[in-house]
Amino acid sequence: MTSGFNSPPHVMSNDEIVAENELRTLRNEALQTRQDDGESSVPTDEPLIPLPSPPSSSNTGTHLHRVLATFMQLSPASQVKASAAELPASEAFDSTYNLSIHHLVIELAEARQYLPLTLFTNKNNKHLHSEAYTLKRIKVPTSVGTNTHLLNLSQFKSEDTLDPLSWQEAWGCYLTWIMDVAPHEAHARWSRHFLALSKDEGLRDCFKAILHFNIETCHNYILKPCQHNEEQWKHCLTKIKYEVLQEK
């Protein structure tokens, strides 16, 4: 889903920070739901990115404003944890998504192969880092007529088996990754795509359609990269929703 690696770091604008914080809030809500359901070893919330504050004569006041703004956007349970923590503030807000994307996934991207979101769940990322030596590779032809050995994706569950929470978690990790390795335009495009789907009523009422639409959209982009067309995007989503509803 990406092209053009090793771009220089991009300085985020206010709008981009707001969009990124929306994504982090969605991921934090998903983590809270997992915790409420009794799941153990749920990662802690990701910190939100503070918006730049206007110049102030009091550095202490500015810092406090930023800390409070971040604190107020955490889930209630996380606010309790942050308040009770004895760690320094900078450590209390550290993200637990601290494992880099594995080089086997990067190899797939560089070979312009489709990257299923299953590769970006926290569980599978940990699996890649701890068990990579046990995973099989397959020979894949490249665009220049040679062959390369890449990760065999059949060793992972199919992307269409993801549940809504895992899907949102994976998308969040994917977007965080491409912010560093892909052009700004790519990150902006897929951020808009994900945010729109996350707010769509189908996420609750017809997740299968959302999942299938996302897979089809990303597959098509790998086969033929193109500019985003909002009307076509909406038409395809509506069409897949209708098809899925007809199956019931």
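Residues numbered from 1 in each chain as written. Predicted model: local features only at pLDDT ≥ 70, side-chain atom pairs only at ≥ 80, totals over all residues. Heavy atoms only, no water.

Quick notes on the overall build of the protein
Logical step 1: Scanning the protein for helices and strands turns up 11 helices and 2 strands.
Logical step 2: Moving toward the C terminus, one meets the helices and strands of the protein in the order α-α-α-α-α-α-β-β-α-α-α-α-α.
Logical step 3: In the protein, buried positions account for 40% of the 248 residues.
Logical step 4: If you take every contact in the protein between residues at least 6 apart in sequence, the share linking residues at least 24 apart comes to 69%.
Logical step 5: Entry remark: accessible area of the protein is about 14,500 Å², with carbon and sulfur atoms responsible for 55%. (Helix = DSSP H or I, 4+ residues; strand = E, 2+ residues; numbered from the N terminus. Buried < 20%, exposed > 50% of the residue type's maximum accessible area, 1.4 Å probe, protein only. Contact = heavy atoms within 4.5 Å. Areas by Shrake-Rupley, 256 points an atom, 1.4 Å probe, with all protein chains shown as cover.)

Quick word on the pattern of salt bridges
Pairing between side chains of opposite charge can happen when their charged atoms approach one another.
Logical step 1: Following the criterion strictly, the structure yields 7 salt bridges and no others.
Logical step 2: The partner of Lys234 in a salt bridge is Glu230, with the nearest N and O atoms 4.0 Å apart. Separated by 4 residues within a single helix, Lys234 and Glu230 lie in helix 11 (residues 230–247), roughly one turn from each other.
Logical step 3: A residue is classified by how much of its surface remains accessible, and Lys234, at 42% relative accessible area, is partly exposed.
Logical step 4: Taking the shortest distance from any N to any O, the salt bridge between Glu243 and Lys239 comes out at 2.7 Å. (Salt bridge = Lys/Arg side-chain N within 4 Å of Asp/Glu carboxyl O.)

Quick look at unusual backbone geometry
Logical step 1: Not every positive phi belongs to a glycine, and Ser41 is a case in point at roughly 55°.
Logical step 2: Among the secondary structure elements, Ser41 is positioned in the loop between helix 1 (14–36) and helix 2 (59–72).
Logical step 3: Here Arg112, not a glycine, exhibits a phi torsion of approximately 60°, which is positive.
Logical step 4: Its relative accessible area of 39% is what places Arg112 among the partly exposed residues.

Overview of the pairing of strand 2 (residues 147–151)
Logical step 1: Summarising the sheet, strand 1 (residues 137–141) and strand 2 pair through 5 bridges and their orientation is antiparallel. Its bridge partner being in strand 2, Lys139 is matched across the sheet by His149.
Logical step 2: Following strand 1, the chain reverses through 5 residues before pairing antiparallel with strand 2; Gly145 in that reversal takes a positive phi of roughly 90°. (Pairing = 2+ DSSP bridges.)

Quick word on the confidence of the model for the protein
Caution applies to low-pLDDT regions: their predicted coordinates should not be interpreted in detail.
Logical step 1: With 75% of its residues at a pLDDT of 70 or more, the protein has an overall mean of 78.
Logical step 2: At the low end of the mean pLDDT range in the protein sits helix 4 (residues 89–92), at 33; at the high end sits helix 10 (residues 207–223), at 93.
Logical step 3: Low pLDDT, under 50, characterises residues 54–65; the predicted model gives this stretch 3 contacts beyond four residues in sequence or across chains.
Logical step 4: Confidence drops under pLDDT 50 across residues 82–97; counting only partners more than four residues distant or on other chains, this segment forms 20 contacts. (pLDDT = per-residue confidence, 0-100.)

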